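Geometric and topological summary
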Amino acid sequence: MASVGAVKILCLVLWLWNFLPPCQGKQNWHESYPFIKHASSFSSPSISTTSSNNGYDYIIVGGGTAGCPLAATLSQNFSVLLLERGGVPFSNPNVTFLENFHITLADTSPTSASQYFISTDGVYNARGRVLGGGSSINAGFYTRASQSFIQKVGWEAKLVNQSYQWVEKQIVHRPKYSAYQRAVRDSLLDSGVSPFNGFTYDHIYGTKIGGTIFDRFGRRHTTAELLASGNRDKLTVLIYATVQKIVFDTRGKRPKAVGVIFQDENGKQHEAILGNDRHCEVIVSSGAIGTPQLLMLSGIGPKAELQNLNISVVLDNPFVGKGMVDNPMNTVFVPSNRTVNHTLIQTVGITKLGVYIEASSGFSQSSDSIHCHHGIMSAEIGQLSTIPPKQRSPEAIQAFIKNKKDIPIEAFRGGFILSKVANAWSAGELKLINTNVKDNPSVTFNYFSHPYDLQRCVEGIRLAIKVVQSEHFTNYTLCEKQTTEKLLNLSVKANVNFIPKHANDTESLEQFCKDTVITIWHFHGGCHVGKVVSPDYKVLGVDRLRVIDGSTFTESPGTNPQATVMMMGRYMGLKILRNRLGKLAGI
């Protein structure tokens, strides 16, 4: 069966190859994006030797979910340099095709589009390392933030709506609804998560079908495609450009950003400079992990921590890296006696309990995907947790990988019901381990350290079990109704994290929540408004430096944040243009 699945995928790839748009089909993607170049092609005067006005109006660090729409927008009127540490998503089939979703997460090589990290809590996680950022490696679900979130952060509702629409017209689609997701929908309604709100991008209580950045052929559309809306004459995008630090002029009363130092794919260092206009800025859009990390490496952060690593302190700010939050998620496995098609999140139950219920199903049936781990919902990765950390030698890991080939394909027939705590109250911090920007910092989320999060998780698991035990699911899966203990035991045995398990995991829902917690990549914080940045996202205490990404959030917007982070890039680009040009911006 695995080989048949592989043949099907090969046929799909070959068929799509003939019908993809120029950016991803037979023609080279360079033709559609001539402004995307390798970092090694860069040539510019040194920061230390020039005072001319030949610098960039904006240097954006991070070509991810926010960085790409931001760059495209600002380039309409000003020169923009966008620096991305990874490559392009267009020519990577593991990024492009929904069927290969888990393979990208399983790739832990230094050049993978997904850079894995394990928080100190013992939870396996991932961050984007490719143009498009998180939108190139996530599950693709698209849904807007709630109106209360928009009001809380102080954004202009009309401009927010226009910015959402700008994104949606270009890369968002209505999902090809599956039978599994219909069973989820009917079971949620049967379990009291009502009303049914149909297909909508809006964040409203009840059960709904959301948007997706996967089209009807299962092809992903990332924020990298939004760059096509930019001004080719004013936009330069460098890939494999790893920014090592922001450079400041500290001779005045306040430090002033003047450029950045980055390394190209060959290891050579370059300096990119800003123009002399006071409006010129370095904008950091490297995400909740990369942004606070880069600020600290550049000398902005807790003084003692920086001095311990011999980093010259530009500005002592104890709040950089603090307030890191990840919405905890737990899963309930749904066994099935029928073959289940591969789906990612399409249906969501937005409850007044403070939890969201979502679902995925049918891991890819290709031989490549069957025998690699599956990231956040893996039936295998957690088996490494049975090996003590100090004994996880390369030999032990290779033996583990070899043993995975014995996993029966039947293990991939079912699906998962995901229960996620919304707006978690538990918070942690991010700290530098060393001064190498390519290495992950130490990240702690302190899952369930606040009792309110644990209380909501318990309620969510109860609801998830109710959904799985609904007759809509048993009719679909052709399985008899499973007991709560058996359902929970299936998830405990999957060992989806590196947290030690307890004997009462199937008896205590509190213990089950703690021991089986995983992530769905909605981590945020580290550069909060009012503590690290101002309400217009300018870094406090320095000039010509902003942060525009999810590191500024105190809560994750909507059921899934990517739509709002995309919108934020467009929205802030328009705001910056309007503030700099006035009526001439035409906004």
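Structure report, in brief. Nothing here was measured: the structure is a model prediction, and the numbers come from that model. (Residues numbered from 1 in each chain as written. Predicted model: local features only at pLDDT ≥ 70, side-chain atom pairs only at ≥ 80, totals over all residues. Heavy atoms only, no water.)

Examining the packing of helix H12 (residues 451-468) against helix H14 (residues 484-494)
Definition in use: The axes are straight lines fitted to the C-alpha atoms, using for helices just the contacting stretch, and the angles between their N-to-C directions are given from 0 to 180°. To qualify as a helix, a DSSP run of H or I must reach at least 4 residues; to qualify as a strand, a run of E must reach at least 2; elements of each kind are numbered from the N terminus. Orientation labels follow simple angle bins: below 35 degrees gives roughly parallel, above 145 gives roughly antiparallel, 65 to 115 gives roughly perpendicular, and whatever is left gives oblique. Note on contacts: a residue pair qualifies if any of its non-hydrogen atoms lie within 4.5 Å across the two residues. Residue classes follow a fixed rule: Ala, Val, Leu, Ile, Met, Phe, Trp, Tyr, Cys and Pro count as nonpolar, while Asp, Glu, Lys and Arg count as charged, and any other residue, Gly among them, counts as polar.
It is at 11 Å that the axes of H12 and H14 come closest, and there the two elements cross at 110 degrees. In terms of their interaxial angle, H12 and H14 are classed as roughly perpendicular. Contacts between H12 and H14 involve Ile-461, Ile-465 and Val-468 from the former and Thr-484, Leu-487 and Leu-488 from the latter. Taken together, the residues of the contact of H12 with H14 sort by class into five nonpolar, one polar and no charged.

Some words on the environment of Leu-294
Within the secondary structure layout, Leu-294 lies in helix H8 (residues 287-297). Here the alpha-carbon distance between Leu-294 and Val-284, two residues 10 residues apart in the chain, equals 8.4 Å. Contact partners of Leu-294, with chain neighbours within four places excluded, come to Val-61, Val-243, Gln-244, Lys-245, Ile-246 and Val-284.

Examining the side chain of Asp-57
What counts here: Pairs of N or O atoms are called polar contacts if they sit within 3.5 Å, as long as, within protein, a hydrogen donor faces a hydrogen acceptor (for residues adjacent in sequence, only side-chain-to-side-chain pairs).
Among the structural elements, Asp-57 can be located in the loop between strand E1 (36-38) and strand E2 (58-61). Engagement of the side chain of Asp-57 in a polar contact is seen with the side chain of Ser-79, the distance being 2.9 Å. Here Arg-580 takes part through its side chain, which lies 3.3 Å from a polar atom of the side chain of Asp-57. With sequence-adjacent residues up to four places away left out, Asp-57 is seen in contact with Phe-78, Ser-79, Leu-274, Cys-280, Glu-281 and Arg-580.

A few points about helix H6 (residues 157-171)
Spelled out, the test is: One fewer than the residue count of a helix, multiplied by 1.5 Å, yields its expected span. Classification of residues uses two cut-offs on accessible area relative to the type maximum, computed with a 1.4 Å probe and protein chains only: under 20% is buried, over 50% is exposed, and between them is partly exposed.
In a regular helix each residue adds 1.5 Å, so 15 residues correspond to 21 Å; H6 covers 22 Å between its end C-alpha atoms and thus fits that length. Along H6, the positions that sit buried rather than exposed are Leu-159, Val-160, Ser-163, Tyr-164, Trp-166, Val-167, Glu-168 and Ile-171. Considering only its buried residues, H6 is in contact with helix H2 (67-74), strand E6 (141-142), helix H5 (147-153), strand E9 (211-212) and helix H16 (562-581).

Some words on the packing of H2 against H16
Applied cut-off: Crossing handedness: left-handed means the near helix sits turned counterclockwise from the far one by under a right angle, and right-handed means the same turn made clockwise.
Packing of H2 against H16 brings their axes to within 7 Å, and their N-to-C directions diverge by 25 degrees. Between H2 and H16, the crossing angle belongs to the class labelled roughly parallel. The crossing of H2 and H16 is right-handed. In this structure, H2 uses Pro-69, Leu-70, Thr-73 and Leu-74 to contact H16, whose residues at the interface are Met-566, Gly-569, Arg-570, Met-572, Gly-573, Leu-574, Ile-576 and Leu-577.

A short note on the environment of Asn-489
Looking at the element boundaries, Asn-489 is found in helix H14. Residue classification places Asn-489 among the partly exposed residues on the basis of a relative accessible area of 29%. In the structure, Asn-489 is positioned 17 residues away from Thr-506 in sequence and 6.0 Å away in space, judged by C-alpha atoms.

Let's talk about the packing of aromatic side chains
Inclusion rule: Each Phe, Tyr or Trp ring (for Trp, its six-membered ring) is paired with any other whose centre lies within 6.5 Å, and the angle between the two planes then decides the class: stacked below 30 degrees, edge-to-face above 60, tilted in between. Lysine NZ or arginine CZ positioned within 6 Å of the ring centre and within 35 degrees of the ring normal marks a charge as sitting over the ring.
Counted by the stated rule, this structure contains 20 aromatic pairs. The positively charged end of Arg-185 is found above the aromatic ring belonging to Phe-196, 5.7 Å away from the centroid. If you follow Lys-352 out to its NZ or CZ, it ends over the ring of Tyr-205, 5.3 Å from the centre.

Focus: the pattern of salt bridges
Pairing is possible between side chains that carry opposite charge, provided their charged atoms lie close to one another. For the record, the criterion: Put simply, a salt bridge is a Lys or Arg side-chain nitrogen that is within 4 Å of an Asp or Glu carboxyl oxygen.
As enumerated under the stated definition, the model contains 17 salt bridges in all. Linking Glu-555 and Lys-152 is a salt bridge whose minimum nitrogen-to-oxygen distance equals 2.7 Å. With Glu-555 in the loop between strand E24 (545-547) and H16 and Lys-152 in helix H5, this residue pair connects regions lying 403 residues apart in the sequence. According to the relative accessible area criterion, Lys-152 is exposed, its value standing at 57%. Where Arg-580 meets Asp-277, a salt bridge forms, and the shortest distance between an N and an O atom there is 3.8 Å. Placement of the pair is Arg-580 in helix H16 and Asp-277 in the loop between strand E13 (269-273) and strand E14 (281-284), with a sequence separation of 303 residues. Among the ionic contacts, a cluster of salt bridges with common partners joins Glu-305, Lys-322, Glu-429 and Lys-431.

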